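Structural overview
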Amino acid sequence: MAAAAELKLRVGDKAPDFSVATDSGNLSLSDFKGRKVILYFYPKDNTPGCTKEACGFRDSFDSFEREGAVILGVSTDTEKSHKKFTEKFNLPFRLVPDPEKKIVRAYGVWGPKTFMGVKYKGTSRVTFLIGRDGRVEKIWHQVKASEHAAEVLSAVSSGEGQKA
């Protein structure tokens, strides 16, 4: 278990594929081969920071679409929780349920955290820009929820992180 939590993907690494069953059928990262994917990990549905981040991506969704990019949000919440969160905030992109923590562990974003002096394990707020070839082009480890969507859109629009 410790090894999975310590896994650190680097730019240029192949993004780990995943497949999950959802209410609308199976969803896999490989479904989006040939497109850029913004894979953002967040701690919990309906919390202040996670809501700001999701709404930022929602508000910039059309711009991401024009760039040909797909947005996928991942947390350890259930499909039912994601559905409520999506409906409440009109999120036009998919949220990926990971209650078994397989995806968060594969991407190395599950591990020790501290909030108000309390130590626990949880999902770190990290975003991966995955290129059309399925490789990691850019990673954001330090995410400010309210500004993050604009930062990611700037990178996607400018081609930042692309290999020459």
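Everything below is about the structure shown above.
This structure is a prediction, so every number in the text was calculated from the model and none was measured. Residues take numbers from 1 onward in each chain, read along the sequence in its written order. Local features are withheld for residues below a pLDDT of 70 in this predicted model, meaning they are given only at 70 or higher, and side-chain atom pairs are given and counted only at 80 or more; totals for whole chains, interfaces and linings count all residues. Only heavy atoms go into the side-chain values, all of them from the structure, while hydrogens and water stay out.

**What about a nonpolar patch on the surface?**
Residues enter patches when their relative accessible area tops 30% and they take part in no salt bridge; the joining distance is 9 Å for like charges and 5 Å for the nonpolar side chains Val, Leu, Ile, Met, Phe, Trp and Tyr. Only the protein chains shown count as cover for residues, and the accessible areas themselves come from Shrake-Rupley with a 1.4 Å probe. Within this document, salt bridges are pairs made up of a side-chain nitrogen of Lys or Arg and a carboxyl oxygen of Asp or Glu, the two lying within 4 Å of each other. On the surface, Phe115, Met116, Val118 and Tyr120 cluster together into a nonpolar patch covering about 470 Å² of accessible area. Secondary structure is summarised from DSSP: a helix means a run of H or I of at least four residues, a strand means a run of E of at least two, and numbering begins at the N terminus for each. Relative to the elements of secondary structure, Tyr120 occurs in strand β7 (residues 118–123).

**A closer look at the pairing of strand β9 (residues 136–140)**
Each residue is assigned to one of three classes by its accessible area relative to the maximum for its type, calculated with a 1.4 Å probe on protein chains only: buried under 20%, partly exposed between the two thresholds, exposed over 50%. A large share of β9 lies buried, amounting to 4 of its 5 residues. Pairs of strands are assigned from DSSP output, requiring at least two bridges between the strands. By the bridge criterion, 4 bridges tie strand β8 (residues 126–130) to β9 in an arrangement that is antiparallel. Paired with Ile130 across the bridge in β9 is Val136. What sits between the antiparallel neighbours β8 and β9 is a turn of 5 residues, in which Gly134 has the positive phi angle 85°.

**Here's the deal with helix α2 (residues 48–59)**
Between its first and last C-alpha atoms α2 spans 16 Å; for 12 residues at 1.5 Å apiece the expected length is 16 Å, and the two agree. Cys50, Thr51, Glu53, Ala54, Cys55, Gly56 and Phe57 are the residues of α2 that are buried. Where α2 is buried, its residues meet β3 (36–41), α3 (61–66), β4 (69–75), α4 (79–89), β8 and α6 (148–158). Here a helix's expected span is defined as the number of its residues, less one, multiplied by 1.5 Å. Two residues form a contact once any of their heavy atoms are found within 4.5 Å.

**Some remarks on the sheet that holds β9**
The strands making up a sheet associate through backbone hydrogen bonding, with each pair oriented either parallel or antiparallel. Spatial ordering of the open sheet is given by β5-β4-β3-β8-β9, a layout of 5 strands whose pairing is mixed. Both outer strands of the open sheet, β5 (94–97) and β9, are each paired with one neighbouring strand and no more. The average angle at which neighbouring strand axes cross in this sheet is 20°, direction not considered. Where β4 lies against β5, 4 bridges are found, and the strand directions are parallel. Looking at the pairing, Gly73 lines up with Leu95 of β5. Against the sheet, α2 makes contact with β3, β4 and β8, and its axis sits at roughly 160° relative to β3, the strand it touches most. Throughout, an axis means a line fitted to C-alpha atoms (over the contacting stretch in the case of helices), and angles, computed between N-to-C directions, take values from 0 to 180 degrees.

**Focus: the pattern of salt bridges**
A pair can form between side chains of opposite charge whenever their charged atoms are brought close. Enumeration according to the criterion identifies 6 salt bridges in this entry. Note that Glu137 and Lys36 form a salt bridge whose closest N and O atoms lie 2.5 Å from each other. Within this pair, whereas Glu137 is found in strand β9, its partner Lys36 is found in strand β3, the two being separated by 101 residues in sequence. The exposure class assigned to Glu137 is buried, which follows from its relative accessible area of 10%. A residue is classified by how much of its surface remains accessible, and Lys36, at 2% relative accessible area, is buried. Residue Asp59 is joined to Arg58 by a salt bridge in which the shortest nitrogen-to-oxygen separation is 2.8 Å. Taking relative accessible area as the criterion, Arg58 reaches 26% and is therefore assigned partly exposed.

**Observations concerning the pairing of β4**
Regular strands have side chains that alternate between both faces of the sheet. Burial runs high along β4: 7 of the 7 residues are buried. Here β4 shows two buried faces, one formed by Ala69, Ile71, Gly73 and Ser75 and the other by Val70, Leu72 and Val74. By the bridge criterion, 6 bridges tie β3 to β4 in an arrangement that is parallel. Paired with Leu39 across the two strands is Leu72, which belongs to β4. Once you follow β4 into α4 and on to β5, the crossover reads as right-handed. Seen with its strands pointing away from the viewer, a crossover is right-handed when the path leading from the first strand over the helix to the second is clockwise.

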